[in-house]
2 protein chains.
Amino acid sequence: MKTHKFLLSEKDIPTQWYNIMADMPNKPLPPLHPGTKEPIGPEDLAPLFPMELIKQEVSEERYIDIPEEVQDAYRLWRPSPLHRAYNFEKMLDTPAKIYFKYEGGSPSGSHKPNTAIAQAYYNKMEGVERITTETGAGQWGSALSFACQYFGLECEVYMVKISYDQKPYRKVLMNTWGAKVYASPSDRTEAGRAILAKNPDSPGSLGIAISEAIERAVMDEKTKYSLGSVLNHVLMHQTVVGQEAVKQMEMAGDMPDIVVAPFGGGSNFAGLTFPFLKMNLTEGRNIRFIASEPASCPKLTRGVFKYDFGDTIGMTPLLPMYTLGHNFVPAPIHAGGLRYHGAGVIVSQLLKDKLIEARAHQQLECFDAGVKFAKAEGILPAPEATHAIATVVDEALKAREEGKSKVILMNLCGHGHFDLSAYQAYFEGQLSDHEMSENEINQLIAAIDTPEAV
Amino acid sequence: MKTHKFLLSEKDIPTQWYNIMADMPNKPLPPLHPGTKEPIGPEDLAPLFPMELIKQEVSEERYIDIPEEVQDAYRLWRPSPLHRAYNFEKMLDTPAKIYFKYEGGSPSGSHKPNTAIAQAYYNKMEGVERITTETGAGQWGSALSFACQYFGLECEVYMVKISYDQKPYRKVLMNTWGAKVYASPSDRTEAGRAILAKNPDSPGSLGIAISEAIERAVMDEKTKYSLGSVLNHVLMHQTVVGQEAVKQMEMAGDMPDIVVAPFGGGSNFAGLTFPFLKMNLTEGRNIRFIASEPASCPKLTRGVFKYDFGDTIGMTPLLPMYTLGHNFVPAPIHAGGLRYHGAGVIVSQLLKDKLIEARAHQQLECFDAGVKFAKAEGILPAPEATHAIATVVDEALKAREEGKSKVILMNLCGHGHFDLSAYQAYFEGQLSDHEMSENEINQLIAAIDTPEAV
């Protein structure tokens, strides 16, 4: 009988995170202070993050030990399964072998707790009592709520008001884990009050929510701030995914020709691909890596490589990254986790150095791929995950045309149980594609006034 | 380090179902024809079910082989993990060891696909083209939708209208798997049209939905009907759960003193407990088994043992069971899967013979236990599952009072991702308990006019 799933035991959960900084041929440029435009030091980040995470952010050590307490928390849901998608292969009538790593079995239903648990742990160790963060659709906010509950920290989530009103269930999930969730803009911060004074009906934005979360962290010594993607340490925490997958592909007796993952800020993509990319960088392998992004937020495929702010308002350090500009307002697609204007520094450098590729997909193509996948494999994918599925469909059909067998591995980063309103809209024909015109992209890029990254 | 999860590999998935009929000291009384009140034969059931399932319904073979195609489908999500709930033990400050078998990782998020896949397979083998069923909150309807999609069958789900309107997301999930979902009463059946003629705004009921699904099946030779619990073959299909758990408890080096599962129609309870109950029946073990039911639907703890109809209208055979009467209208608690008036025949006989126990819990106690569990173990339990958790809390606290270590195993039958509106209502103080008075119970029982079971 065919083996559908390659299952590890708890002793196979990685005990170290893999830090790709050690193996990059070109290290990323340093972050710059938003005011002085000079490289920043650890002290600039200390009001926001615990020192251990700041150290990880700049570390060039190849492996960093995972604390025992974090390993113990990982054991609540890790190791995650690696599936061979036999039924999906059959549906696509492809000679390609398709594997997927499934991260939807975590408490909050995605890969996000892999870093949330680590971040909550280091904060706890350094005496922090409360963590603030922002969330859009709620995927990251719920992961951090769970992690804070686990380590006995308070959690304050600023949720973009329009999502807070439209998607009440993610809020209820966060409440179940004891988090306090505020619609942003709120009256709890100067940033929020300033917006409300101008527009009491503001629907909010991720940029405003970040400003509120940061302001709350800076105000109080016992409060820090946490980010769910983009930063180096966040990407590194996710490498438990890829390290497990390396072992599981060995169990399956296959090596991927192509590894695919959705791309928002980079942590999803980095988590699965970096342990495989290490083989290219250090063992001369020739695996292809494809980051799947929405056509409506095409920073990797159509953005520019420049220094840019991480937030809309310009409070964060300037980071050297592929960006559409920090003033970019994404179309209201349902893959909320992929609507960020910039890409993490490490992934940006890797793309610049042509060590990875990127591909953009339209929304309808993604939902079509997602529904096909659910029919074949039973799992309802998150809208973010459907972007990787769309790339896999492309490659599987190409394999059929070329009559070539290929091994494709993708990150099925989460389930879509909280996204059924999006599927409903898709079935009812209410969704549309959002392709940016050449002109729009040119205007957007011309408007970026941040420093060149050279 | 502690082991949190006991994980099997695919080769450990059971290859046979365990049929407890072989080991019961007293076999159940036969079902009676609703008209003649005489024992029914296979031919009476043939319009509704494929012959292989009818044979399983009356079989006394101890083990029945699981077809290879069904085993292959099980591999999409089985084996399921068995967890040791260290954090929940710590939260309850109990010397008891608490284990839980987690069935929420299946495509539709509960144990239901274990039988849905088997039923769809046998229908497919016998040339059936379409399966009809009813669903309340949608748990069973979505499992059968997935199973029909898997085997290429059409699926027609009659969903109680009030749930159809209030819980659109379960419907979207069923649609994703290709099922047609109709609000019941519908205009597609005589039963539905008759109700609508009298009351165009009827909110529907499970009884009406059953009548519609059965009518559609009887009308057309290529259409059969499927039930998600109560029947003997359905209970038997679920024993893959308990057989895996027996192996996993061996891995853990423990043997349960108490096994707990939620109780609706019996398949959830039977699935986990029967392979352990076999040890009592054939090896002289002394494990306790507790069925956890809602205080608002207390058929096991306060009902009577009588012949009764499976549906409200009286179309099904009369079954010898613990019942509150087929006219019983349950309070609107959120554990939709536990609101059935009767208990499966096998489980009823076992309770009558004192081989198992039952315990009733109030709604608020259940949600309180569920929220505690989510905080400790990360998994948000389905409202049905919280009933077992409430029993576990009882027993864990008793263990503390008695200063005794005890090993408790429970069936965490599904996640609550589609039940967040219930959690929201709980947090907002909108839920209440529904205890039936002595008087209400007496009136209810006095009104049952079906035959004695002797």
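Residues numbered from 1 in each chain as written. Chains lettered and ligands numbered in written order. Predicted model: local features only at pLDDT ≥ 70, side-chain atom pairs only at ≥ 80, totals over all residues. Heavy atoms only, no water.

A. Representation of the nonpolar core. Grouped together as the largest cluster of nonpolar side chains are 90 residues, with contacts concentrated most on B:Trp17, B:Tyr74, B:Ile117, B:Phe274, B:Phe276 and B:Leu409. A total of eight residues in this core trace back to one element, the largest contributor, which is helix α6 (residues 139-151) of chain B. Counting residues in hydrophobic clusters, the runner-up holds 89 residues, among them A:Leu144, A:Phe269, A:Ile346 and B:Ala425. (Core = buried A, V, L, I, M, F, W, Y, C linked by side-chain atoms within 4.5 Å. Buried < 20%, exposed > 50% of the residue type's maximum accessible area, 1.4 Å probe, protein only. Helix = DSSP H or I, 4+ residues; strand = E, 2+ residues; numbered from the N terminus.)

B. Representation of the environment of B:Val70 within the structure. All names here are of chain B. By secondary structure assignment, the location of Val70 is in helix α3 (residues 68-74). Sequence separation between Val70 and Phe274 is 204 residues, and the spatial gap between their C-alpha atoms is 21 Å. Those residues in contact with Val70 that sit more than four places away from it in its chain are Trp17, Ile117, Ala118 and Tyr121. (Contact = heavy atoms within 4.5 Å.)

C. Inspection of the interface of chain A and chain B at higher detail. The partner chain B presents 45 residues to the 45 residues of chain A that form the contact. A salt bridge links A:Lys5 to B:Glu10; its shortest N-O distance comes to 3.1 Å. The interface formed by chain A and chain B holds 13 residue pairs in polar contact (both at pLDDT 80 or more) in total. Among the elements of the structure, α3 (68-74), α6 (139-151), α8 (168-176), α16 (363-377) and α18 (420-427) of chain A are those that each provide at least two residues to the side of chain A that touches chain B. It is α8(A) that provides the largest number of residues to the side of chain A that touches chain B, a total of six residues. Here the residues of the side of chain A that touches chain B are counted per class, giving 21 nonpolar, 15 polar and nine charged. (Salt bridge = Lys/Arg side-chain N within 4 Å of Asp/Glu carboxyl O. Polar contact = N/O pair within 3.5 Å; in protein donor to acceptor, adjacent residues only side chain to side chain. Nonpolar A, V, L, I, M, F, W, Y, C, P; charged D, E, K, R; others polar.)

D. Inspection of the relation of the copies chain A and chain B at higher detail. In the superposition of chain A on chain B (RMSD 0.0 Å, axial shift 0.0 Å), the rotation amounts to 180°. This pairing of chains is accounted for by a two-fold axis. The residues that chain A uses at the interface reappear at the interface of chain B in 100% of cases, marking a shared surface. (Least-squares fit on C-alpha atoms with pLDDT ≥ 70 in both.)

E. Inspection of the packing of aromatic side chains at higher detail. If you walk through the whole model with that rule in mind, you get 38 aromatic pairs over all chains. Ring geometry for A:Phe146 and A:Tyr150: centres 6.4 Å apart, planes at 55°, overall tilted. With A:Phe146 and A:Tyr150 both in helix α6, this residue pair falls four residues apart, about one helical turn. Residue A:Phe146 shares its accessibility class with A:Tyr150, and that shared class is buried. Relative to B:Tyr426, the ring of B:Phe367 lies with its centre 5.3 Å away and its plane at 20°, an arrangement referred to as stacked. With B:Phe367 in helix α16 (residues 363-377) and B:Tyr426 in helix α18 (residues 420-427), this pair connects stretches of sequence that are 59 residues apart. An aromatic cluster is defined as three or more aromatic residues linked by ring pairs; in this entry it consists of A:Trp17, A:Tyr74, A:Trp77, A:Tyr121, A:Tyr122, A:Phe146, A:Tyr150, A:Phe151 and A:Trp177. It is B:Lys2 that lies over the ring of B:Tyr86; its NZ or CZ is 4.7 Å from the centre. Looking at B:Arg188, its charged tip hangs above the ring of B:Tyr182, at a distance of 4.0 Å from the centre. (Phe/Tyr/Trp six-rings, centres within 6.5 Å; stacked < 30°, edge-to-face > 60°. Lys NZ or Arg CZ within 6 Å of the ring centre and 35° of its normal.)

F. Representation of the domain arrangement of chain A. Residue and element names in this part refer to chain A. Annotation of chain A at the domain level lists domain 1 (75-109 + 233-445) and domain 2 (113-227). Taking the mean C-alpha position of each, domain 1 and domain 2 sit 25 Å from one another. On the side of domain 2, 21 residues touch domain 1, which itself brings 21 residues to the contact. Both sides of the domain 1 and domain 2 interface together cover about 1800 Å² of buried area, and 64% of this is carbon and sulfur. (Domains from an automatic or database assignment. Buried area = accessible area lost by both parts, 1.4 Å probe.)

G. Here's a closer look at the pairing of strand β13 (residues 318-323) of chain A. Residue and element names in this part refer to chain A. Among the six residues in β13, six count as buried, and that is most of the element. The two faces of β13 match: Leu318, Pro320 and Tyr322 on one face and Leu319, Met321 and Thr323 on the other face are all buried. Sheet analysis places strand β12 (residues 304-309) next to β13, joined by six bridges and oriented antiparallel. Bridge assignment links Asp308 to a residue of β13, and that residue is Leu319. (Pairing = 2+ DSSP bridges.)

H. Focus on the sheet that holds strand β6 (residues 130-135) of chain B. All names here are of chain B. Pairing within the open sheet is parallel, and its four strands lie in the order β8-β7-β6-β9. At either margin of the open sheet sits one strand with a lone partner, and together these are β8 (180-184) and β9 (223-225). Taking the axes of each pair of neighbouring strands and ignoring which way they run, one obtains an average angle of 25° across the sheet. In this sheet, β8 lies alongside strand β7 (residues 154-160) in parallel orientation, the contact comprising five bridges. Paired with Val157 across the strands is Val181, a residue of β8. (Axes fitted to C-alpha atoms, helices over the stretch in contact; angles between N-to-C directions.)

I. Expanded view of the pairing of strand β5 (residues 97-102) of chain B. Residue and element names in this part refer to chain B. The buried count for β5 comes to five of six residues, which makes it a mostly enclosed element. Sheet topology note: the strand β4 (residues 82-84)/β5 ladder contains three bridges and is antiparallel. Paired with Leu82 across the two strands is Lys101, which belongs to β5. With six bridges joining them, β5 and strand β15 (residues 407-412) adopt parallel strand pairing. By the bridge assignment for β15, Phe100 is matched with Met410.

J. Geometry of the sheet that holds β5(B). Residue and element names in this part refer to chain B. Strand order in the open sheet made by the seven strands is β1-β4-β5-β15-β10-β11-β14, with mixed pairing throughout. Looking at the sheet topology across the chains shown, the edges are occupied by β1 (5-6) and β14 (357-361). As paired strands, β1 and β4 are joined by two bridges and run antiparallel to one another. Along β4, the bridge assignment pairs Lys5 with His83. Across the sheet, helix α12 (residues 239-252) touches β1, β4, β5 and β15, and the angle it forms with β5 is around 140°.

K. The state of the cysteines, seen in detail. Applying the stated rule across the entire model yields zero disulfides over all chains. No disulfide involves A:Cys155; its sulfur sits 4.0 Å from the nearest other cysteine sulfur, which is in A:Cys148. (Disulfide = S-S within 2.5 Å.)

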